[in-house]
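# Survey of secondary and tertiary structure
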Amino acid sequence: QVQLVESGGGLVQAGGSLKLSCAASGRTFSNYGMGWFRQAPGKEREFVATISWSSRSTYYADSVKDRFTISRDNAKNTVYLQMINLKPEDTAVYYCAAHPYGGRQYSSSGDYHYWGQGTQVTVSS
């Protein structure tokens with residue numbers, strides 16, 4: 001089992017920045033590929049970004065490319081999502097997730113085995 005706890009969400013004005021963190025505990029964090037997803041009210045959960053176990057590979061949804069950066073610190077068992085130039089359409093609950101195939105890049109939520117409880121990000125216009 002891997003337990004994931006997100007933090008860092010909040011209310012920010014359009015154009016602002018936030019950095020989300022996801023702290024992992026349980027099994028060896030460095031074995032897992034990590035991802036961020038989000039879900040806005042009335043919408044399905046959507047992929048945001050993913051990072052391989054070594055941080056060598058990252059992949060982003062087109063909607064956040066060049067604005068969001070995923071990173072991880074295996075020594076701290078933590079994955080991050082740095083968000084800049086936020087837009088009202090970025091408003092959602094953000095979830096981090098883990099899958100056990102550390103070198104692979106997955107954008108489908110069904111490929112992830114473990115999920116956090118989510119953190120709310122609200123961007124005002």
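Everything discussed here concerns the structure shown above.
A brief report on the enclosed structure follows. (Residues numbered from 1 in each chain as written. Predicted model: local features only at pLDDT ≥ 70, side-chain atom pairs only at ≥ 80, totals over all residues. Heavy atoms only, no water.)

## So, the state of the cysteines
To keep it simple, the criterion reads: Cysteine sulfurs are considered disulfide-paired once they come within 2.5 Å of each other. Numbering of helices and strands runs from the N terminus; a helix is a DSSP stretch of H or I covering at least four residues, while a strand is a stretch of E covering at least two. We call a residue buried when its accessible area falls under 20% of the maximum for its residue type, exposed when it is over 50%, and partly exposed in between, using a 1.4 Å probe and counting protein chains only.
Following the criterion strictly, the structure yields one disulfide and no others. One disulfide in the model links cysteine 22 with cysteine 96; its S-S distance is 1.9 Å. Its S-S torsion of approximately 45° makes the covalent link between cysteine 22 and cysteine 96 right-handed. With cysteine 22 in strand 3 (residues 18-26) and cysteine 96 in strand 9 (residues 92-99), this residue pair connects regions lying 74 residues apart in the sequence. Exposure class is identical for cysteine 22 and cysteine 96. Each is buried.

## Quick look at the pattern of salt bridges
What counts, and what does not: One speaks of a salt bridge when a side-chain nitrogen belonging to Lys or Arg is within 4 Å of a carboxyl oxygen belonging to Asp or Glu.
Overall, the coordinates contain four salt bridges when judged by the stated rule. Residue arginine 38 pairs with aspartate 90 through a salt bridge whose shortest N-O separation is 2.9 Å. Of this pair, arginine 38 sits in strand 4 (residues 33-39) while aspartate 90 sits in the loop between strand 8 (78-83) and strand 9, and the two are 52 residues apart along the sequence. Owing to a relative accessible area of 0%, aspartate 90 belongs among the buried residues under this scheme. Each member of the salt-bridge network shares a partner with another, and the members are Arg38, Glu46, Arg67 and Asp90.

## Here's the deal with the sheet that holds strand 3
Selection rule: A pair of strands is treated as paired once DSSP finds two or more bridges between them. All axes are obtained by fitting lines to C-alpha atoms, using only the stretch in contact for helices, and the reported angles, taken between N-to-C directions, cover 0 to 180 degrees.
Spatial strand order, 1-3-8-7: four strands in an open sheet with antiparallel pairing. On the outer flanks of this sheet lie strand 1 (2-7) and strand 7 (68-73), each paired with one strand and no other. Strand-to-strand twist in this sheet, taken as the mean axis angle between neighbours without regard to direction, amounts to 15°.

## As for unusual backbone geometry
The phi torsion at serine 55 lies on the positive side, around 70°, for a residue other than glycine. Mapped onto the fold, serine 55 is located in the loop between strand 5 (46-51) and strand 6 (58-60). With a phi close to 50°, asparagine 85 is a non-glycine residue in the positive phi region. Structurally, the position occupied by asparagine 85 is in the loop between strand 8 and strand 9. On the basis of relative accessibility, which here comes to 41%, the residue asparagine 85 falls in the partly exposed class.

## Let's talk about the packing of aromatic side chains
The test is simple: For Phe, Tyr and Trp, where Trp contributes only its six-membered ring, two rings pair if their centres lie within 6.5 Å, and the inter-plane angle classes them as stacked under 30 degrees, edge-to-face over 60, or tilted in between.
Enumeration over the complete set of coordinates arrives at seven aromatic pairs. Note on phenylalanine 37 and tyrosine 112: the rings are 5.1 Å apart at their centroids and 80° apart in plane angle, and the pair reads as edge-to-face. One end of the pair, phenylalanine 37, is in strand 4; the other, tyrosine 112, is in the loop between strand 9 and strand 10 (114-115), and 75 residues separate them in sequence. An identical accessibility class is assigned to phenylalanine 37 and tyrosine 112; each is buried. A centroid spacing of 6.3 Å and a plane angle of 85° characterise the contact between tyrosine 101 and tyrosine 106, whose relative ring orientation is edge-to-face. Look at tyrosine 101 and you get partly exposed, because its relative accessible area is 39%.

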